[in-house]
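# Inside the fold
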Amino acid sequence: MANHISGGVFFHAVIQGRDITVQLPPQTAPALSGLPPASSAFAGRDEQVEELLGMLARGRPQQAVVVAAIAGLGGIGKTELVVQTASRALKQPGWFPGGVLFVDMFGYDQERRLTPERALVGLLRALGVDKEQIPSDVQDLSRLYRSALAALAQAGSRVLVVIDNASSTDQVRPLVPADGITAALVTSRDTLDLDGRLYDLGTLSDSASVELLNRVLREARGPGDTRIHDEPEEAVALARLCGGLPLALRIAASLLVDSPTRPLSSVTQALSVEQSRLHRLRRKDRTVRAAFDLSYRRLPSAHQRLFRLLSLNQGPDISTEAALHLSDLDAYETEELLQDLARCHLIEPGITWGRWRLHDLVRIYAGELGGQEANVDRRDAVRKRLHGHYLHTARAARSHLAVTREPLSILREPRSPRFNTTKEAEGWFEQECQNLISLITIAPVNARSSTAVWLAVFLTPYLRWEYRFRDMRAVVAAVEDLVCERADCPAGTGGALLLISYELDRVDFTYWAVDLLVDAIEFLCSDGNRRFEVVAMQEIHHHVLKIIRRTGFLPSDIASKLDRLTLAHAHLVPSEHVEGKRTCWCRQCWLQRIGTSRTLPTVISRPDAAPFPLRYRRLPG
């Protein structure tokens, strides 16, 4: 008599005999219950899910290792993405009949971090291997684990392996299948070198963010909660304050879930204060700050310092050249630090090589850390160095634009050797324009000082030439507010206002140019700078005639300022009338000209838009 067992995969001894009675437990899919439940409140990742499913699909051309590594910032939704993908893949007939293995490596939690050995033991136990047959060495564990997965795949029981929250290649590599059939999804905050497909997960769009908020509310409170639909503008504002970060969005939605009568505007107002935004984005054991902490604490000290100092840049991104002025290191070392920070997704590479950006919430987090370590980082000195870099480079770039396009400009300087061509200078302005505008308009007053005023001098010609009149108005308005609050150098401030007024007049913001010139004279007179006082007064004459000849009147506020100027600075207005002169500017003619023009109806009191045709604009093409 003989008997034979065929089919199946066995990881332990098999008993054969003539009469055997076997009582089998209920059949269960191996480790399928270990996959966390997929949330019904999931939005904005359909494209990524479809791409991952395409990689996992049965029958596709196989490669040496079928593995996808999903990396991204803490709280970006990596785990939810792979859980959603795995759940849908398991529902596809024949894709993964062996089920799914899921393990959370806790790679960024020092107290719960799994070693590869512990993870492999758990996975082997989930595969049904007896404890007595599990080796202790990591290499032996990995060989047995991979052999088991390969045997299951060959027997038609292909398994999907999901390795979540890995912190390094060394932690996860022993767990990656190597048979070319078994598939693996790996998530990490770092870009891991696993010889597989790399996915960098970004933030959600405004529409996807609003949809996620809506789904979380409706899942918790039912379809009757229509607050998102009822306040669409507030919903978009809330989504933007959360920066499209799924963790932040879910916390904000949870705050709304807690109080069914709470309007969206209440949460939006609570998060609108930047200094307290991270503190308010918390609910019980979930906080955005804690998610960032796990990544930051693993950084070496030099990386931590540069990360903190990057928050000094007010604009949307920063160049490697500008970051060099933050790091106190050479160019190659600085670039390596930036690349390391990008690999752990605390910063992101820009659209072009050599530029780097921070997520809005990460910038706030870095700023908070920087404030705590301000003395250690020499933060004030580094800020001045960064601002000095922008100021000197903007002046050099402006020198090329002035020589090429403005031969009669008030500011005459030779071309700087910093740039080889005018096109190169324009390219620098194009890349750094938003950073310069942000420094002028957003940075705290005590951090800007006279730097912002002179930066506006060098930037406004570029804004005028590129027709960026809205930005130009914002820059000049910020300069006006700044000089009213603080003027470190009256002569320098007066000269800067004089130069800015020239640019305003070139685009026919003539009322505003007169406004600035009157203020410029006040600063110049307080410093006794007679030469530039005369220049400013001549510019006022030119602008006043231009306004009167085109409109026939002066707005009342401009006329009143000119009256006061005549009284306060009589030395700038000659007393003797000059006969035969086409336009006399003696005191009598001055007052008569102003008085006559102000008696007409006043239509424009403040230059919020260009009042005249823009004759000086270059033609398209």
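Keep in mind that this is a model prediction, so the values were computed, not measured. (Residues numbered from 1 in each chain as written. Predicted model: local features only at pLDDT ≥ 70, side-chain atom pairs only at ≥ 80, totals over all residues. Heavy atoms only, no water.)

Below, the discussion takes up helix α2 (residues 78-90). Between its first and last C-alpha, α2 extends 18 Å over 13 residues, near the 18 Å set by a 1.5 Å rise per residue. Listed in full, the buried residues belonging to α2 are Lys78, Leu81, Val82, Val83, Gln84, Thr85, Ala86, Ser87 and Ala89. Contacts from the buried residues of α2 go to α1 (46-56), β1 (66-71), β3 (160-166) and β4 (183-188). (Helix = DSSP H or I, 4+ residues; strand = E, 2+ residues; numbered from the N terminus. Expected span 1.5 Å × (residues − 1). Buried < 20%, exposed > 50% of the residue type's maximum accessible area, 1.4 Å probe, protein only. Contact = heavy atoms within 4.5 Å.)

Moving on, we get to the confidence of the model for the chain. Residues of the chain with pLDDT of at least 70 account for 85%, and the chain-wide mean is 85. Low pLDDT, under 50, characterises residues 25-32; the predicted model gives this stretch nine contacts beyond four residues in sequence or across chains. Under a pLDDT of 50 for its full length, residues 601-621 has, in the predicted model, 46 contacts with residues more than four places off or in other chains. (pLDDT = per-residue confidence, 0-100.)

Before going further, it helps to spend a moment on the nonpolar core. Val288, Phe307 and Leu459 are the most contacted members of the largest nonpolar core, which totals 132 residues. Looking at this core, the element that brings in the most residues is helix α20 (residues 445-465), giving nine residues. Leu127, Val172, Leu175 and Leu194 belong to the second-largest nonpolar core, a separate cluster that totals 29 residues. (Core = buried A, V, L, I, M, F, W, Y, C linked by side-chain atoms within 4.5 Å.)

This part takes up the packing of helix α13 (residues 301-310) against helix α14 (residues 320-327). For the pair α13 and α14, the least separation of the axes is 10 Å and the interaxial angle reads 115°. Note on packing geometry: the crossing formed by α13 with α14 is right-handed. Across the interface between the two elements, Arg305, Leu306, Leu309 and Leu310 of α13 pack against Ala323, Leu326 and Ser327 of α14. Tallied by class, residues from the contact of α13 with α14 come to five nonpolar, one polar and one charged. (Axes fitted to C-alpha atoms, helices over the stretch in contact; angles between N-to-C directions. Left-handed = near helix turned anticlockwise from the far one by under 90°. Nonpolar A, V, L, I, M, F, W, Y, C, P; charged D, E, K, R; others polar.)

Our focus in this paragraph is the sheet that holds β1. Read from one edge of the open sheet, five strands run β2-β3-β4-β1-β5, paired in parallel fashion. Single-partner strands in this sheet number two, and they are β2 (100-104) and β5 (197-200). Recorded for the sheet is a direction-independent mean angle of 15° between the axes of neighbouring strands. Judged from the five bridges that link them, β2 and β3 form a sheet pairing that is parallel. Looking at β3, one finds that phenylalanine 102 is bridged to valine 162. (Pairing = 2+ DSSP bridges.)

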